[in-house]
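Structural description and commentary
Below are the chains, spelled out letter by letter.
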Amino acid sequence: MNFSLEGRTYVVMGVANKRSIAWGIARSLHEAGARLVFTYVGERFGKSVRELAESLDTSEGQEPLFYECDVTDDESIIQTFEAIGKDVGTIHGLAHCIAFANRDELKGEFLNTSRDGFLTAQNISSYSLTAVSRAAKPLMTEGGSILTMTYLGGEKVVQNYNVMGVAKASLDANMRYLASDLGKDSIRVNAISAGPIRTLSAKGVGDFNSILSEIEERAPLRRPVTQEEVGSTAYYLLSDLSRGVTGEIIHVDSGFNIIGY
Ligand code: NAD
């Protein structure tokens, strides 16, 4: 089997800065020879992702492309994927690394979640996968692989994760329904459940440091995972190595999810 991703194009959504999980995934795909198409929201992140991409040693045919895409806006999603289709033709996969919830609802009791906060978290962190997959499908003419990022807080109660935990539960089901619909087009849809990594989004979760300490004390590997480790599993899920796998959640979390005490 050929493990190279040379000649393949992947869309990576959600690089905010060098700590972003999406950036770990981008590097891993790049090392395997893929061409990368980045989407971002807002000029601040646009500048940041362009600077990061410049640091990649690209060979001919690997030149990165950049598009602004706000996943709360259907028109923005449609236009972005139309433009990507025009510029690169076929894509072979997509990494959806996007989530958002109001900071003040990522602490205290879940009971106090507002309607607006609930809907915002669902809209950006879960529904966006549906909308983006629909827009990407016409570009995946050779089949392909869609990957999203989830967290244990969607399966079990994690203190302070609150409204985002409910959004991740929704995202997990969303991923499975999409896998069921898109399988006939040879498009696979999977998720990585990453252990806690200190990123811009993670900073918004109340007392994130104690979530990290818990991993160090109780996870089988006794250490947090890195972006690179998530990137390696993403490479597996986005490449033909995982060609028989769809609708699956792989935990890349130092084994923390198996611990019950
Ligand atoms: P991050 O802050 O680097 O990335 C989140 C991205 O979401 C940012 O690039 C942001 O611009 C984007 N985004 C937010 N609203 C958007 C919108 N309206 N349109 C388009 N993009 C939008 O943080 P991260 O931790 O790398 O998060 C990536 C994914 O990984 C998220 O789904 C997150 O929930 C998930 N995850 C993170 C951890 C962790 O501990 N960091 C653990 C498990 C899962």
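Bear in mind the structure is a predicted one, so any value in this text is a computation, not a measurement.

Considerations on the side chain of threonine 233
Its location among the elements puts threonine 233 in helix H7 (residues 227-238). Each residue touching threonine 233, except ones within four places of it in the same chain, is listed here: Ile192, Ile250 and Val252.

With respect to the UniProt feature "binding site: substrate" (unreviewed entry) in the chain
Per the UniProt annotation, the sites labelled "binding site: substrate" (unreviewed entry) are Ala101. Here alanine 101 shows up in the loop between strand E4 (93-96) and helix H4 (115-136). Given a relative accessible area of 8%, alanine 101 falls into the buried group.

Here's the deal with the sheet that holds strand E1 (residues 9-13)
Strand order in the open sheet made by the seven strands is E3-E2-E1-E4-E5-E6-E7, with parallel pairing throughout. Only two strands of the sheet have a single neighbouring strand rather than two, namely strand E3 (65-68) and strand E7 (249-252). Adjacent strand axes in the sheet meet at a mean angle of 20°, parallel and antiparallel pairs treated alike. Across four bridges, the pairing between E1 and E4 is parallel. Following the sheet pairing, tyrosine 10 is matched in E4 by glycine 93. Contacting E1, E4 and strand E5 (144-150), H4 runs over the sheet at an angle of about 165° to E4.

A closer look at the packing of helix H1 (residues 21-31) against H7
Interaxial distance between H1 and H7 falls to 8 Å at its minimum, and their mutual angle equals 55°. The angle between the axes of H1 and H7 places the two elements in the oblique class. Both H1 and H7 take part in a crossing whose hand is right-handed. From H1, Ile21, Trp23, Gly24, Ile25, Arg27, Ser28 and Leu29 reach across to H7, where they touch Gln227, Glu228, Val230, Gly231, Ser232, Ala234, Tyr235 and Leu238. Here the contact of H1 with H7 is built from residues that sort into eight nonpolar, five polar and two charged.

Here's the deal with the side chain of glutamate 105
Relative to the assigned elements, glutamate 105 resides in the loop between E4 and H4. Nearest to the buried, unbridged glutamate 105 among oppositely charged side chains is lysine 107, at 11 Å. Within the structure, the side chain of glutamate 105 is placed 2.8 Å from the backbone nitrogen of serine 114, a separation counted as a polar contact. Here glutamate 105 is in contact with Asn112, Thr113, Ser114, Gly117, Phe118, Asn160, Asn162 and Val163, once residues within four sequence places are set aside.

Describing the pattern of salt bridges
If charged atoms from side chains of opposite charge come close, those side chains can pair. For the structure shown, the criterion picks out six salt bridges. Residues aspartate 185 and lysine 137 are paired through a salt bridge, measuring 3.8 Å at the closest nitrogen-oxygen approach. In this pair, aspartate 185 is assigned in the loop between helix H5 (162-182) and strand E6 (187-194) and lysine 137 in the loop between H4 and E5, connecting sequence segments 48 residues apart. Taking relative accessible area as the criterion, lysine 137 reaches 37% and is therefore assigned partly exposed.

Remarks on the packing of H4 against H5
Helix packing geometry: the angle between the two helix axes and the distance between the axes. It is at 9 Å that the axes of H4 and H5 come closest, and there the two elements cross at 20°. Comparing the axis directions of H4 and H5 gives the class roughly parallel. Between H4 and H5 lies a crossing whose hand is right-handed. In this structure, H4 contributes Gly117, Phe118, Ala121, Gln122, Ser125, Ser126, Tyr127, Leu129, Thr130 and Ser133 to the contact, and H5 contributes Val163, Met164, Val166, Ala167, Ser170, Leu171, Asn174, Met175, Leu178 and Leu182. A class-by-class count of the residues in the contact of H4 with H5 yields 12 nonpolar, eight polar and no charged.

Topic: the environment of arginine 44
By the secondary structure assignment, arginine 44 is in helix H2 (residues 43-54). Under the relative-accessibility criterion, arginine 44 is labelled exposed at 62%. Distance in space between the C-alpha atoms of arginine 44 and arginine 222 is 36 Å, their sequence separation being 178 residues.

Reading the values: the criteria
Residues numbered from 1 in each chain as written. Predicted model: local features only at pLDDT ≥ 70, side-chain atom pairs only at ≥ 80, totals over all residues. Heavy atoms only, no water. Helix = DSSP H or I, 4+ residues; strand = E, 2+ residues; numbered from the N terminus. Contact = heavy atoms within 4.5 Å. UniProt positions renumbered as here; feature names shortened; annotations may be inferred. Buried < 20%, exposed > 50% of the residue type's maximum accessible area, 1.4 Å probe, protein only. Pairing = 2+ DSSP bridges. Axes fitted to C-alpha atoms, helices over the stretch in contact; angles between N-to-C directions. Parallel < 35°, antiparallel > 145°, perpendicular 65-115°, else oblique. Left-handed = near helix turned anticlockwise from the far one by under 90°. Nonpolar A, V, L, I, M, F, W, Y, C, P; charged D, E, K, R; others polar. Lys, Arg positive; Asp, Glu negative; His and termini not counted. Salt bridge = Lys/Arg side-chain N within 4 Å of Asp/Glu carboxyl O. Polar contact = N/O pair within 3.5 Å; in protein donor to acceptor, adjacent residues only side chain to side chain.

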